[in-house]
Amino acid sequence: MSLEAQHPVNLNALYQEVILDHFKRPRNKGTVENPVVKKHLHNPTCGDDVEVQVSIGPDGRIDQVKWQGRGCSISMASASMMSQALRGKTLEEAKAFIQSFFAMMKSEPGDYRSLGEIQALQGVSKFPVRIKCATLAWHCLEEGLKEQGGGSASGS
Amino acid sequence: MALDVARIRQDFPILQQQINGHPLVYLDNAATTQKPRQVIQALVDYYEQYNANVHRGIHALAERATEAYEGARAKVARLIGSPSPDQVVFTRNGTEGLNMVAYGWARRRLKPGDVIICSALEHHSNLVPWQQTARETGAVVKYIDLLPDGTLNQESYDRLLDEGNVKLVAFSVASNVLGTINPVTEMVAKAHRAGAKVVLDAVQAVPHMPVDVKEWDADWIVASGHKMLGPTGTGFLWGKMDLLEEMEPTYFGGSMISEVHLSGAKWAKVPAKFEAGTPNIADVIALGVAVDYLTELGMENVHEHEKALTEYAWERLSSVEGVRLFGPREPRTGLISFDVDGIHPHDLSAVLNAEGIAIRVGHHCAQPLMEFLDVPATNRASFYIYNTPQEIDRLVEALYHAKEFFGYVA
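Residues numbered from 1 in each chain as written. Chains lettered and ligands numbered in written order. Predicted model: local features only at pLDDT ≥ 70, side-chain atom pairs only at ≥ 80, totals over all residues.

Q: Hey, could you run me through the overall build of chain A in this one?
A: Within chain A one finds six helices and three strands. Ordering the α and β elements of chain A from the N terminus gives α-α-α-β-β-β-α-α-α. A total of 156 residues make up chain A; the buried ones form 39% of that total. A separation threshold of at least 6 residues defines the contact pool for chain A, and within that pool the share at least 24 residues apart is 61%. (Helix = DSSP H or I, 4+ residues; strand = E, 2+ residues; numbered from the N terminus. Buried ≥ 20, exposed ≤ 12 C-beta atoms within 10 Å, placed from the backbone. Contact = placed C-beta atoms within 7 Å.)

Q: Teacher, can you tell me more about the overall build of chain B here?
A: Scanning chain B from terminus to terminus reveals 14 helices and 17 strands. For chain B, the C-alpha radius of gyration of 22 Å lies close to 22 Å, the compact-globule estimate for 410 residues. The 410 residues of chain B split such that 50% are buried. Taking all contacts inside chain B whose residues are at least 6 apart in sequence as the whole, residues at least 24 apart take part in 70%. (Rg over C-alpha atoms; globule rule 2.2 N^0.38 Å.)

Q: How should I be thinking about the pairing of strand β6 (residues 140-144) of chain B in this particular structure?
A: When a strand is regular, its side chains alternate between the sheet's two faces. Residue and element names in this part refer to chain B. Strand direction decides the pairing type here: strand β5 (residues 115-119) and β6, joined by five bridges, are parallel. Looking at β6, one finds that Ser119 is bridged to Ile144. For the crossover from β5 across helix α5 (residues 128-137) to β6, the handedness is right-handed. (Pairing = 2+ DSSP bridges. Right-handed = clockwise from strand over helix to strand, strands pointing away.)

Q: Just to check I follow, could you spell out the sheet that holds strand β1 (residues 37-43) of chain A for this structure?
A: Two modes of strand pairing occur in sheets, parallel and antiparallel, and in both the strands are linked by backbone hydrogen bonds. Residue and element names in this part refer to chain A. Read from one edge of the open sheet, three strands run β1-β2-β3, paired in antiparallel fashion. In the strand order of this sheet, the two ends are held by β1 and β3 (62-70), each with one partner. Going from strand to strand, the sheet's axes swing by 15 degrees on average, the running direction of each strand aside. One ladder, built from eight bridges, connects strand β2 (residues 48-56) with β3; its direction is antiparallel. Bridging across to β3, Asp49 finds its partner in Arg70. Lying over the sheet, helix α6 (residues 128-149) contacts β1, β2 and β3, oriented at roughly 140 degrees with respect to β1. (Axes fitted to C-alpha atoms, helices over the stretch in contact; angles between N-to-C directions.)

Q: Looking at this structure, how should I read the interface of chain B and chain A?
A: A common way to express how large an interface is: the accessible area buried when the components associate. In this assembly, 20 residues from chain B lie in contact with 19 residues from chain A. Elements supplying a minimum of two residues to the side of chain B that touches chain A: α12 (345-354) and α14 (389-405) of chain B. Ranked by the residues each element gives to the side of chain B that touches chain A, the list is headed by α12 of chain B, at six residues. Broken down by class, the residue content of the side of chain B that touches chain A amounts to eight nonpolar, nine polar and three charged. (Nonpolar A, V, L, I, M, F, W, Y, C, P; charged D, E, K, R; others polar.)

Q: Teacher, can you tell me more about the sheet that holds β5 of chain B here?
A: Residues and elements named next belong to chain B. Here seven strands make up an open sheet; going across it, the order is β4-β10-β9-β8-β7-β5-β6 and the pairing mixed. Either end of the sheet is taken by a strand with one partner, and the two such strands are β4 (88-91) and β6. Strand-to-strand twist across the sheet, computed as the mean angle between neighbouring axes with direction ignored, equals 20 degrees. Two strands pair when backbone bridges link them, and strand β7 (residues 166-172) and strand β8 (residues 197-201) are joined in this way by five bridges, in the parallel orientation. Looking at β8, one finds that Ala170 is bridged to Val199. The strands touched by helix α6 (residues 154-162) are β5, β6 and β7; relative to β6, the strand with the most contacts, the crossing angle is about 155 degrees.

Listed below in structure tokens is the structure:
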């Protein structure tokens, strides 16, 4: 029996192909040299955790976003997609991008085409208990950027 | 005697539905059980026929409500072998009962340097109240070590008792994560020999097996009503009479007094002393009906049914490659915690849900135990009187689908 026949409603909305792809082949896992942002975040309700590190290139733009952690496919795929999408952005652009992602996850009306393949996570917003999974890495980076903005470049 | 599961299922309207196009398979009974229509009808009958406040008023409705409310107390008392119904205090849940012991007894009795023994196996509800009690009194909490299979290390328990000053021992009869049943009678006796009182979290035991509080000989036990076919918002604290008399109430106000003057007040007798304000009348009456239902089935039969299901589930689940079962095979209540290599519990639960199967995933309010097992979360399937081997087959089948979906490679 095909999986589609087994799972008539939920699974395709939740687990789009691109999400499963990032889960099975996570991008940018690891750490960066000389991070300007280094932040760890734990989701106590499910025990998931993630660490995100960011390095800046000579042009002042994000050179690399790397991450590591453990969690469900949604949280890991989301971290992986985020790490790709933010490369080349300024820190201000990254902050705006993060806010745009949060707005999409809150189902706020808007044009989210600039999020690219990350729009695949829009389906998760229909599953309230999983929104925290999708946003974990993003909250982690948001907090890391705030701390970085406060003057502590080394992180913790 | 084997339970007539087909007939039992007829009593549970909620089980008759489809979830995502599949018949519901409800395997989250350790979180809360479903309610038979007799229990639901008891709520309707109360509100339609004799809704009135209890222990006051001498009109017909009040008398009937009081009789039903106190009748429920007697039923619970019989279920657990209590010498007297007065030793049963109704609470909102198990957590409230444990806090009543913490506030009414432990916080008043414990001194700096006194010891509370607890374990890393405990539900947060039997952990955090003691940590807070220690904070307030200067007592210390010591934890019984776990053996590699997650059972309590009895040598560690003996050592802690030998170290002295132990005033209170708090542990669960059955673990809500591992399902393991602790050697209660033996552990209680040891605590008493060391001069300590014992409070048992019996939340995962009372719904599932014959219980005799006299045999356990603990000083207090707590249980929850909604995990044994009763409504949410019900539970009870049982205690030895002299201790209940000695304990201070947690809440003050109406119903719990014998006399009130502007200069002060005296408390009513046990159990009224602990039931301030209008109690949860309708739900407690319905809990009494839930106890009737279980009593009619026979707790020995309930236990045997769960045991057979758990044995079958253990056999089937352990045959699936990549599945790891936690805890020893027996003795255990009707639940199994497990993980599936490469599939996070949230993802597994999503696949199971798509096939109409409800299990619990997460830390089960037992984070220290999760740390010990070195997992962020587990999957937990828990069984009750209405579950069948065919439902376990569906669970196992869905596990294979999940492995296929997430591309598990052995």
